Amino acid sequence: MTTIAVTTWSLEQTAPTDLLPALAPDGDVRVVRSEVPSPEFSRFLYASVGGDIRWTDRLGWSYAQWVEYLQRPGVETWVAYDRGTPAGFVELEAQDDAVVEIVYFGLLPAFRGRRIGGHLLSYGTARAWDLADRWAGLTPTKRVWLHTCSKDGEHAMDNYQRRGFKLFDTKVEEEAEVAAPGPWPGAFPV
């Protein structure tokens, strides 16, 4: 089995004023909360956004695991649509001590490089900061954090930093090298 060195960077914001929003892209781009937990839709987003960058940890989840996760208080999926077509998503998860993690964020390959990512990240981060307004019993957010790694898109780190996230940890670990699964074989152009 071949292994590769993967660098993981953890970034955070510690106040809502840390957010540096991107301009909205041109055209009809909307960000909408997926309010009905849907394992099928969430798995579609996960596989379609992460298929070319080796997101594999949830591919083996059962339907029941998706349902259990999506129904947790403080878990939200926000979807960017370009002219009615899903373009990407941001997934938020409330954690202990008034912390919200941006667990997943990204765009389907066809929508990258069109200024949608900065807008979606800005919108999703703002929703992380006001998460407690939508969930009774949650404490107002005091910290928003995320991680990205060397397997993610080439512009990921720059986008996070331009949105006001600050680096607080870096780790390098060896991981088994896996093929990019894609949403189906041959889905991505060479």
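Residues numbered from 1 in each chain as written. Predicted model: local features only at pLDDT ≥ 70, side-chain atom pairs only at ≥ 80, totals over all residues. Heavy atoms only, no water.

Draft legend 1. Seen up close, the packing of aromatic side chains. Tallied over the entire structure, the rule returns 12 aromatic pairs. On the basis of an interplanar angle of 70° and a centroid distance of 6.4 Å, the ring pair of W145 and F168 is categorised as edge-to-face. Here F168 lies in strand β7 (residues 166-176) and W145 lies in strand β6 (residues 143-149), a separation of 23 residues in the sequence. Within the aromatic cluster, the residues linked to one another by ring pairs are Y46, W55, W61, W66, Y69, F89 and Y104. Looking at R58, its charged tip hangs above the ring of Y69, at a distance of 4.6 Å from the centre. Looking at R143, its charged tip hangs above the ring of F168, at a distance of 4.9 Å from the centre. (Phe/Tyr/Trp six-rings, centres within 6.5 Å; stacked < 30°, edge-to-face > 60°. Helix = DSSP H or I, 4+ residues; strand = E, 2+ residues; numbered from the N terminus. Lys NZ or Arg CZ within 6 Å of the ring centre and 35° of its normal.)

Draft legend 2. Local environment of the layout of surface pockets. Each pocket or cavity is described by its volume, and for the largest pocket that value is around 1,000 Å³. Secondary-structure elements contributing two or more residues to the lining of the largest pocket are β1 (3-13), β5 (99-107), α3 (116-129), β6, α4 (156-162) and β7. A total of 6 residues in the lining of the largest pocket trace back to one element, the largest contributor, which is β5. Per-class residue counts for the lining of the largest pocket are 18 nonpolar, 11 polar and 12 charged. (1 Å grid on protein atoms, 1.4 Å probe; cavity = no way out; pocket = protein on both sides within 12 Å on 5 of 7 lines; lining within 4 Å. Points joined across faces, edges and corners; volume = space filled by probe spheres on them. Nonpolar A, V, L, I, M, F, W, Y, C, P; charged D, E, K, R; others polar.)

Draft legend 3. Just the environment of W78, in detail. Mapped onto the elements of the fold, W78 is located in strand β3 (residues 75-82). Separated by 98 residues in sequence, W78 and A176 have C-alpha atoms that sit 31 Å apart. When sequence neighbours within four positions are dropped, the list of residues in contact with W78 reads V31, V32, R33, G88, F89, V90, L92, L120, Y123, R127 and R134. A polar atom in the side chain of W78 sits 2.9 Å from the side chain of E76. (Contact = heavy atoms within 4.5 Å. Polar contact = N/O pair within 3.5 Å; in protein donor to acceptor, adjacent residues only side chain to side chain.)

Draft legend 4. The sheet that holds β1, seen in detail. The strand order across the open sheet built from 7 strands is β2-β3-β4-β5-β6-β1-β7, with neighbouring strands paired in mixed fashion. Among the strands making up the open sheet, the edge pair consists of β2 (29-33) and β7. Looking at each pair of strands side by side, their axes are set apart by 25° on average, direction ignored. In this sheet, β6 lies alongside β1 in antiparallel orientation, the contact comprising 6 bridges. Note on β6: the bridge partner recorded for W9 is T148. Strands in contact with helix α1 (residues 39-50) are β3, β4 (85-95) and β5; relative to β4, the strand with the most contacts, it is inclined by about 110°. Contacts from α3 reach β1, β2, β3, β4, β5 and β6, with the element oriented near 160° to β5. (Pairing = 2+ DSSP bridges. Axes fitted to C-alpha atoms, helices over the stretch in contact; angles between N-to-C directions.)

Draft legend 5. Spatial organisation of helix α2 (residues 63-70). Along α2, the residues that are buried comprise W66, Y69 and L70. When α2 is viewed along its axis, its buried side chains cluster within an angular range of 90° and face the same direction. Residues A64 and E68 are exposed on α2 and point more than 90 degrees away from its buried face. The secondary structure elements touched by the buried residues of α2 are α1, β3, β4 and β5. (Buried < 20%, exposed > 50% of the residue type's maximum accessible area, 1.4 Å probe, protein only. Arc of directions from axis to C-beta.)

Draft legend 6. Up close: α1. Look at α1: 16 Å from first C-alpha to last across 12 residues, which is about the 16 Å you get at 1.5 Å a residue. The set of residues buried in α1 consists of P39, S42, L45, Y46, A47, S48, V49 and G50. Those residues of α1 that are buried lie in contact with α2, β3, β4 and β5. (Expected span 1.5 Å × (residues − 1).)

Draft legend 7. Representation of the environment of L121 in the model. Mapping L121 onto the fold places it in helix α3. The exposure class assigned to L121 is buried, which follows from its relative accessible area of 0%. Sequence-wise, L121 and P181 are 60 residues apart; in three dimensions their C-alpha atoms are separated by 24 Å. Beyond its immediate chain neighbours, meaning those up to four positions away, L121 contacts I102, F105, N159, Y160, R163 and F165.

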